[in-house]
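Below are the chains, spelled out letter by letter.
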Amino acid sequence: MNNKQEVGFIIDLDGTIYAGNELIAGARETVELLQAKQIPFVFLSNRGNYSRTMCQAKLKALGIEVSIDHIILSSTVTARFLSTYYKHHLLWTLGDRGLAEELQAHGLQLAEEPELADWLVITLHEHVTYHDLNQAFRAARAGARIIATNQDRSFPGEDGDCIDVAGMIGAITATTNKNVDFVAGKPSSMMAEAALLQLGLPPEQCIVIGDSLKSDIQLAQKANMKSVLVLSGSTMEKQVQASPWQPTWIAPHVWSFIQGYYTTGVGHIDRT
Ligand SMILES: [Mg+2]
């Protein structure tokens, strides 16, 4: 493998760096090696219910210290999209407070009543109540367009798979007969572009590392980037063969790939 050309890494979080509140083995060593070698990298996550500040604090608690510029979440990309094209629109959120925090950090305004909202922004809501769903339902019925941070169906939790944003979206679309107008998260080109802009490298020089064929590997394939499927999260190796999205490499976890890439040349399965 040619290690001389400069590369940048786009690294998923859930299932790649941590699972729930547990760090995946070697994740800290991975970041330390990239930092020591000054290799550009960015974390790119479909988490929309966190703000970057919250995500930075979570990583720090797990022993990984990065600047906020190294974190791009689907809430970040949603906020950038809305603040670029709909700066003065009023928003209603269905999701944990991290979403509202990220929207407000981009200068966006929340509506005081659901019926006044121009947009309903949906993400994961781990504390959702009937009242929350009903307010979102009213926003959509009163004419708010719908944007979702992502539409993943499930994510790996500490004690098994958990319902994700698709469940929140379903509650609203099924009851209002409306559709989602935009989905910001992976595998969208908006997420790929945000990561490439941050790295300042052309796609051919970027490698996506993640545990989801549908989100991470598809994003890489669509944007012409190489990819590594890690088996530390939601995907088992036997699922790869039938997938329309094929990773360039498969590795047990992020550290085994990075270690192999920069030192021994082994530790991952080279599929090129
Ligand atoms: Mg993941």
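Here, every reference points to the structure presented above.
Residues numbered from 1 in each chain as written. Predicted model: local features only at pLDDT ≥ 70, side-chain atom pairs only at ≥ 80, totals over all residues.

**Some points on the overall build of the chain**
Piece 1. Scanning the chain from terminus to terminus reveals 9 helices and 16 strands.
Piece 2. Against the compact-globule benchmark of 19 Å for 272 residues, the chain has a radius of gyration of 19 Å, which places it among compact chains.
Piece 3. Across its three principal axes, the chain shows a C-alpha extent of roughly 60 × 35 × 35 Å.
Piece 4. Out of the 272 residues in the chain, the part that is buried amounts to 46%.
Piece 5. Here the analysis covers contacts within the chain between residues at least 6 apart in sequence; of these, 66% occur between residues at least 24 apart. (Helix = DSSP H or I, 4+ residues; strand = E, 2+ residues; numbered from the N terminus. Rg over C-alpha atoms; globule rule 2.2 N^0.38 Å. Buried ≥ 20, exposed ≤ 12 C-beta atoms within 10 Å, placed from the backbone. Contact = placed C-beta atoms within 7 Å.)

**Looking at the sheet that holds strand β6 (residues 90–94)**
Piece 1. Taken in spatial order, the 5 strands line up as β7-β6-β8-β9-β12 in an open sheet, and their pairing is parallel. With partners counted over all chains shown, the strands left at the sheet margins are β7 (109–110) and β12 (182–183), one partner each.
Piece 2. Here strand β9 (residues 145–148) pairs with β12 via 2 bridges, running parallel. Within β12, the residue paired with I147 across the bridge is F182.
Piece 3. Helix α4 (residues 97–105) contacts β6, β7 and β8 (119–122) of the sheet and is inclined by roughly 160 degrees relative to β6. (Pairing = 2+ DSSP bridges. Axes fitted to C-alpha atoms, helices over the stretch in contact; angles between N-to-C directions.)

**Looking at the environment of I10**
Piece 1. Looking at the element boundaries, I10 is found in strand β1 (residues 8–11).
Piece 2. Under the C-beta neighbour-count criterion, I10 is labelled buried, with 31 such atoms within 10 Å.
Piece 3. As for I10 and A220, which are separated by 210 residues in sequence, their C-alpha atoms are 9.4 Å apart.
Piece 4. Non-local contacts of I10, meaning those with residues more than four positions away in its chain, are made with V42, L44, A195, C206 and V208.

**Looking at the packing of helix α3 (residues 74–85) against α4**
Piece 1. Viewed as axis vectors pointing N to C, α3 and α4 meet at an angle of 40 degrees, and their least axial separation amounts to 9 Å. When the axes of α3 and α4 are compared, the pair comes out oblique. In terms of crossing hand, the pair formed by α3 and α4 is right-handed. Contacts between α3 and α4 pair S75, T76 and A79 from the former with G98, L99, E102 and L103 from the latter.
Piece 2. Among the residues forming the contact of α3 with α4, the class breakdown is 3 nonpolar, 3 polar and 1 charged. (Parallel < 35°, antiparallel > 145°, perpendicular 65-115°, else oblique. Left-handed = near helix turned anticlockwise from the far one by under 90°. Nonpolar A, V, L, I, M, F, W, Y, C, P; charged D, E, K, R; others polar.)

**Regarding the nonpolar core**
The tendency in soluble globular proteins is for nonpolar side chains to be buried as a group.
Piece 1. Counting residues in hydrophobic clusters, the biggest one holds 73 residues, and the most contacted among them are I11, I72, L120, I122, A195, I209 and V254.
Piece 2. For this core, the two domains that each supply at least three residues are domain 1 (8–46 + 186–270) and domain 2 (82–183).
Piece 3. When neighbours within four sequence positions are excluded, A195 is seen to be in contact with I10, V42, L44 and I72. (Core = buried A, V, L, I, M, F, W, Y, C linked by C-beta atoms within 7 Å. Domains from an automatic or database assignment.)

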